Amino acid sequence: MSNSNRLRIAVQKSGRLSDDSIALLKAIGIKLNIRDRLLIAHSTNQPIDLLRVRDDDIPGLVMDGVCDLGFIGENELEEKMLERKAAGKPFEYEVLRRLDYGGCRLSIAVPNEMKYDGIQSLEGKKVATTYPYLLERYFKDQGINAKAVMLQGSVEVAPRAGVADAICDLVSTGATLEANGLVEKDVIFRSKAVLIKRADGELSDEKETLVNRLMPRVDGVLLAKE
Ligand code: PRT
Ligand code: ZN
């Protein structure tokens, strides 16, 4: 648990959300001394520490109360929430703000040559994805009997490799799908980065006051960019 008096914020160490998340913290006046290799970065002007980790770990760190706040993509957050719920682990959190970066969609895509007349074309098929819980929820909602095949990487080559019939992956420009001979068909989830807070009511009064002081500044930064 986060017993320290310092507010602990989880951010992606290196990846698509890192720079924007750090830039936002700096823009709201938090001075940070980040050293590339270190897991922890201390603020020099606020009682705040950053925990720099893989994005996959951020939902769990907040839901387990190890970190007080976290910056994370809604896709990863929702997937981990479903996974933890299924495993009987704490899965609660509070969204403080939806942010203006990290935008993408989780979409089903099929090979160019595949005949596709809507989601029912996937009946009985295998679909490779890094987001099996989100995908299986979608299949269930649509009443489709298809199988999500979990792949941590190289999802876009799965059909060519004969591992799956179709894929379900994150898309932003669509260039990756095109380069791999795939066509986007159904958007199953739209995502942006969010700032989340632990929801177990365990934040000390001091930390709660600090968060309440910071949030209007976040709103100011978001407004200024609109
Ligand atoms: O190392 P770590 O585990 O922390 O990082 P990661 O490799 O898991 O994640 P990272 O940094 O790639 O992405 C972090 C988050 O950024 C994601 O969870 C999304 O919320 C968000 N995001 C926004 C994206 C994209 N856009 C995106 N385009 N994440 C991944 N992609 C990938 C996608 O998987 C595909 O391979 O980019 C490719 C498609 O891009 P286009 O432009 O060709 O369509
Ligand atoms: Zn990751």
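Within every chain, residues take consecutive numbers counted from 1 along the sequence as written. Each chain gets a letter, beginning with A, and each ligand a number, beginning with 1, in the order they are written. pLDDT decides what is reported in this predicted model: residues at 70 or higher carry local features, side-chain atom pairs at 80 or more are listed and counted, and totals for whole chains, interfaces and linings draw on all residues regardless.

1. Quick look at the confidence of the model for the protein chain
Our working rule: Confidence scores per residue from the predictor, reported as pLDDT, run from 0 to 100. Put simply, DSSP marks the helices as runs of H or I at least four residues long and the strands as runs of E at least two long, and each gets a number from the N terminus on.
Of all residues in the protein chain, 99% have pLDDT values of 70 or greater, and the mean over the chain is 96. Put simply, strand β2 (residues 32-33) is where the protein chain has its lowest mean pLDDT, 93, and strand β5 (residues 69-73) is where it has its highest, 99. Taken together, the chains of this predicted complex give a pTM of 0.97 and an interface ipTM of 0.99.

2. Quick word on the packing of helix α3 (residues 74-86) against helix α4 (residues 132-142)
Test applied: To obtain an axis, a line is fitted to C-alpha atoms, over the contacting stretch when the element is a helix, and the angle between two such axes runs from 0 to 180 degrees between their N-to-C directions. Each angle gets one of four labels, with under 35 degrees taken as roughly parallel, over 145 as roughly antiparallel, 65 to 115 as roughly perpendicular, and the rest as oblique. Note on contacts: each residue gets a C-beta atom placed from the backbone, and two residues are in contact if those atoms are within 7 Å. Under the scheme applied, nonpolar residues are Ala, Val, Leu, Ile, Met, Phe, Trp, Tyr, Cys and Pro; charged residues are Asp, Glu, Lys and Arg; polar residues are all the others, including Gly.
Viewed as axis vectors pointing N to C, α3 and α4 meet at an angle of 80 degrees, and their least axial separation amounts to 8 Å. Taken together, the axes of α3 and α4 lie roughly perpendicular to each other. For the pair α3 and α4, the contacting residues are Glu78, Glu79, Leu82 and Glu83 in the first and Tyr133, Leu134 and Arg137 in the second. Counted by class, the contact of α3 with α4 contains three nonpolar, no polar and four charged residues.

3. Focus: the site of ligand 1
We count it as follows: As a rule, any residue with its backbone-derived C-beta atom within 6 Å of a molecule or strand is reported as near that molecule or strand. Residue ranges assigned to each domain were obtained from an automatic or database domain assignment.
Surveying the vicinity of ligand 1 reveals 21 residues, the closest of which are Gly15, Gly73, Cys104, Thr173 and Thr176. Elements supplying a minimum of two residues to the shell around ligand 1: α3, β10 (166-171) and α5 (175-179). Of all the elements, β10 adds the most residues to the shell around ligand 1, at three residues. Here the shell around ligand 1 spans two domains, and each of domain 1 (7-102 + 192-225) and domain 2 (104-191) adds at least three residues to it.

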